[in-house]
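# A structural walkthrough
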2 protein chains.
Amino acid sequence: MKYDTFLTGDRPSGKLHLGHYAGSLKNRLRMQDECLKGYIMVADVQALSDNFASPEKVIKSVVEVTKDYIAVGINPFKITIFIQSLIPELAELTIYYMNMVSVSRLERNPTVKAEIKQKNYGESIPVGFLCYPISQVADITAFDANLVPVGDDQLPMIELTNEVVRRFNRLYDKEVLKEVTAVLSKTQRLIGIDGNAKASKSLGNAIFLADDASTIKDKVYSMFTDPDHIRVSDPGKVDGNVVFTYLDAFFENKEELEELKKHYKKGGLSDISLKSLLNKTLQDLISPIREKRESLKQDEMMDILITGSKIAREAAKQTLYNVKSAMGITYC
Amino acid sequence: MKYDTFLTGDRPSGKLHLGHYAGSLKNRLRMQDECLKGYIMVADVQALSDNFASPEKVIKSVVEVTKDYIAVGINPFKITIFIQSLIPELAELTIYYMNMVSVSRLERNPTVKAEIKQKNYGESIPVGFLCYPISQVADITAFDANLVPVGDDQLPMIELTNEVVRRFNRLYDKEVLKEVTAVLSKTQRLIGIDGNAKASKSLGNAIFLADDASTIKDKVYSMFTDPDHIRVSDPGKVDGNVVFTYLDAFFENKEELEELKKHYKKGGLSDISLKSLLNKTLQDLISPIREKRESLKQDEMMDILITGSKIAREAAKQTLYNVKSAMGITYC
């Protein structure tokens, strides 16, 4: 990975939580050490595509997620953190790529399909929402990245990216754009503290990196375990037990965890003692992040973002120039 | 109209012909005198949306249509002539407006529907093609124009523009964007020399402003008249007679034309004498345009376009700034 460049990012629509930590932030910290270069995009334009009626939430979150990045250990001197809307070249690339993708191709995208259903758009799907995968193709190709860390729900976007890359290069008979490789996160999507399939801010079932100690404790102690595990001596179920799922994701001593699972299945291990262990684990993980986070100032974050956006823009300008040159539409 | 600003333009996909002259260029010359300001956009990005596989045709036509503008009398010191792709702010505005229009709203657009059918896209409608009306909303709103000269097939675009304008202003509770008024061309669409409903380059049935004298003559003498008008003494039909349609559009002496129509209907007026009159009319109209056109140099045209694009860009920058400020997404 010594010569690799990765690109990743988040829609700023709230602070980041343990689901992000397990699913992407940890992975980014590893890639920060292993790759030559990396970009993290704060995707405000994309967040607006389903929050255009409440942009203030998006804007506020831009600084919040940046605090989360720095607090977990992303090094802005190594990784370029930037704001999508400050890179106008992404809009231009999107417009050109829109000619290379058919409407039915977008409508077939399983992730977009699922999201459209979930969002209850009915007959009024905003064009911006249907088209966000094309805007992602622009994001992915603009910075000459070759690796894109993703969850498996984002694989159709990588597939679309490589289709556009091949189509563009073939059409203009030049190797202008680079195909990319998806780096699948090793951790499965983290479930919510209520046992829901996904921890998310909107469902109110996530533990945030900015949560204080007592909030974390309350959330851990409210977690679902095994509803049939009534007396301590009863045998308990591990599968679908939220406390064990979180221990799997965050408790480092895997041998000890196996012992605990055996003990719980047999009976004789209380939910309270398990929750106490998870609480300690999460407090140890989150408290240094939260303390670092609290020391970070809004102005410093904006400095990081503005500097990062300048650097990112240079890369995007070069890509747009290459794209327009290949098409022959350079006039001056 | 003393305080009005108009915006109009053409897709550069070939030289302009008499259909453009009658339908829009004459109108622009009038507005050039009557309005405070005007913009003419050479819509290369839009032309690429159905010519992305042959961009060289588009690029070449950018200079050709500019020659046509100057040759007919557009004054670049009064009217800002610019190239769409040199105004990146249009791409950014398009991306933001895409959030305010639904996919089904676009699919209902009768002009787009008709064009999709005509182009035989089948199941592979390019996203860029379906979305070009949104890109037109960006074009129309970017330069603070209040008048948009259009043919009646473009009225749905104006309607969409005003919908987006109202929606944006209401959503962000500010009068950021201005509604526009369509200025309908007084001349109906010019039919082709073969009697086809539309004179167009692709149908090969148009007389170009750059055509030489003998080409014009050949085209006039090949025109459809009344197939039942066999002997000079036969009564002839005026309706659907291409020669009369062209005389209606270009022969200035309307009284004389009425006399000719009466005479033709009664019988005794030959097709040849009519064609000779039309030929003289068109030679008189086109020869000074062609001569002016031939004196124009590629470099001069590029100077006009680059200068115009700089002026247009300042206006578009201001609009984009206003749009982003209203949404609150200004960071620096």
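Every value quoted in this text rests on a predicted model; they were computed, and no experiment measured them.

## A closer look at the overall build of chain A
- If you tally the helices and strands in chain A, you get 14 helices and five strands.
- The burial tally for chain A puts 45% of its 332 residues in the buried class.
- In chain A, 79% of the contacts between residues at least 6 apart in sequence involve partners at least 24 apart.

## So, the interface of chain A and chain B
- Each partner contributes residues to the interface: chain A has 43 residues there, and chain B has 43 residues.
- Looking at the side of chain A that touches chain B, the elements that each hand over two or more residues are helix H2 (44–48), helix H3 (55–72), helix H4 (88–97), helix H5 (103–107), helix H7 (127–130) and helix H14 (298–327) of chain A.
- Looking at the side of chain A that touches chain B element by element, the count peaks at five residues for H4 of chain A.
- When its residues are assigned to classes, the side of chain A that touches chain B shows 30 nonpolar, nine polar and four charged.

## Digging into the relation of the copies chain A and chain B
- Least-squares fitting of chain A to chain B yields an RMSD of 0.0 Å, with the transformation described by 0.0 Å of translation along the axis and a rotation of 180°. The two molecules are tied by a two-fold rotation axis, judged by turn and shift. In terms of C-alpha distance to the rotation axis, chain A has Ala-91 of chain A as its closest residue, with the C-alpha 2.7 Å off the axis.
- The overlap is high: 100% of the interface residues of chain A also sit at the interface in chain B, so the same surface is used on both sides.

## Here's the deal with the packing of helix H4 (residues 88–97) of chain B against helix H8 (residues 132–142) of chain B
Residues and elements named next belong to chain B.
- At a minimum axis distance of 8 Å, the contact between H4 and H8 shows a crossing angle of 120°. When the axes of H4 and H8 are compared, the pair comes out oblique. Read as a crossing pair, H4 and H8 show a hand that is right-handed. Within the contact between the two elements, H4 uses Glu-89, Leu-90, Leu-93, Thr-94 and Tyr-97 and H8 uses Ile-134, Ser-135, Val-137, Ala-138, Asp-139, Thr-141 and Ala-142.
- In the contact of H4 with H8, the residues fall into seven nonpolar, three polar and two charged.

## A short note on the environment of Lys-265 of chain A
All names here are of chain A.
- Looking at where Lys-265 falls in the secondary structure, it is placed in helix H12 (residues 254–266).
- With 14 C-beta atoms counted inside 10 Å, the residue Lys-265 sits in the partly exposed group.
- On a C-alpha basis, the gap between Lys-265 and Asp-234 in space is 8.4 Å, while along the polypeptide they are 31 residues apart.
- Excluding anything up to four places from it in sequence, Lys-265 contacts Pro-235, Gly-236 and Val-238.

## Describing the confidence of the model for chain A
- Per-residue pLDDT for chain A has a mean of 93; in total, 99% of the residues score no lower than 70.
- Overall fold confidence for the complex sits at a pTM of 0.92, while the interface term, ipTM, reaches 0.91.

## Considerations on the pairing of strand S4 (residues 147–150) of chain A
Residue and element names in this part refer to chain A.
- Sheet topology note: the S4/strand S5 (residues 181–184) ladder contains four bridges and is parallel. Among the inter-strand pairings, Leu-147 is bridged to a residue of S5, identified as Thr-181.
- Between S4 and its parallel partner S5, the chain crosses via helix H9 (residues 155–171), and the hand of that crossover is right-handed.

## A few points about the domain arrangement of chain A
Residues and elements named next belong to chain A.
- Here the domain parsing of chain A yields domain 1 (5–190 + 298–327) and domain 2 (213–293).
- Taken together, the six residues of domain 1 in the interface contact four residues of domain 2.
- Here the residues of the side of domain 1 that touches domain 2 are counted per class, giving four nonpolar, one polar and one charged.

## Describing the nonpolar core
- Ranked by internal contacts, the top residues of the largest apolar core, which has 200 residues, are Phe-82 and Tyr-97 of chain A together with Phe-82 and Tyr-97 of chain B.
- The contacts of Phe-82 of chain B, once residues within four sequence positions are left out, are Tyr-39, Met-41, Val-42, Ile-87, Leu-305, Gly-308, Ser-309 and Ala-312 of chain B.

## Observations regarding unusual backbone geometry
- Positioned with a positive phi, Asn-120 of chain A is a non-glycine residue whose angle comes to about 55°.
- Following the sequence through the fold, Asn-120 of chain A ends up in the loop between helix H6 (110–118) and H7.
- A count of 7 C-beta atoms within 10 Å places Asn-120 of chain A in the exposed class.
- Of note, Asp-173 of chain B is a non-glycine position whose phi angle comes to about 55°, a positive value.
- Structurally, Asp-173 of chain B is set in the loop between helix H9 (155–171) and strand S5 (181–184).

## Concerning the environment of Ser-124 of chain A
- When you line up the elements, Ser-124 of chain A lands in the loop between H6 and H7.
- We classify Ser-124 of chain A as exposed; it has 12 C-beta atoms within 10 Å.
- For Ser-124 of chain A, the contacting residues outside a window of four places in its chain are Ser-102 and Ser-104 of chain B.

## Things to note about the packing of H4 of chain A against H4 of chain B
- Put simply, H4 of chain A and H4 of chain B touch, their axes get as near as 8 Å, and they point 80° apart. With respect to each other, H4 of chain A and H4 of chain B are oriented roughly perpendicular. Along its contact with H4 of chain A, which presents Pro-88, Ala-91, Glu-92, Thr-94 and Ile-95 of chain A, the element H4 of chain B presents Pro-88, Ala-91, Glu-92, Thr-94 and Ile-95 of chain B.
- The residue inventory of the contact of H4 of chain A with H4 of chain B, partitioned by class, reads six nonpolar, two polar and two charged.

## Some details on the environment of Ser-61 of chain B
All names here are of chain B.
- Along the chain, the position of Ser-61 falls in helix H3 (residues 55–72).
- Classification of Ser-61 by C-beta neighbours within 10 Å gives buried; the count is 23.
- Remark: the alpha-carbon pair of Ser-61 and Arg-11, spanning 50 residues in sequence, is separated by 8.8 Å.
- Once residues lying within four places of it in the same chain are set aside, the contact partners of Ser-61 are Pro-12, Ser-13 and Gly-14.

Each value, and the rule that gives it
- Residues numbered from 1 in each chain as written.
- Chains lettered and ligands numbered in written order.
- Predicted model: local features only at pLDDT ≥ 70, side-chain atom pairs only at ≥ 80, totals over all residues.
- Helix = DSSP H or I, 4+ residues; strand = E, 2+ residues; numbered from the N terminus.
- Buried ≥ 20, exposed ≤ 12 C-beta atoms within 10 Å, placed from the backbone.
- Contact = placed C-beta atoms within 7 Å.
- Nonpolar A, V, L, I, M, F, W, Y, C, P; charged D, E, K, R; others polar.
- Least-squares fit on C-alpha atoms with pLDDT ≥ 70 in both.
- Axes fitted to C-alpha atoms, helices over the stretch in contact; angles between N-to-C directions.
- Parallel < 35°, antiparallel > 145°, perpendicular 65-115°, else oblique.
- Left-handed = near helix turned anticlockwise from the far one by under 90°.
- pLDDT = per-residue confidence, 0-100.
- Pairing = 2+ DSSP bridges.
- Right-handed = clockwise from strand over helix to strand, strands pointing away.
- Domains from an automatic or database assignment.
- Core = buried A, V, L, I, M, F, W, Y, C linked by C-beta atoms within 7 Å.

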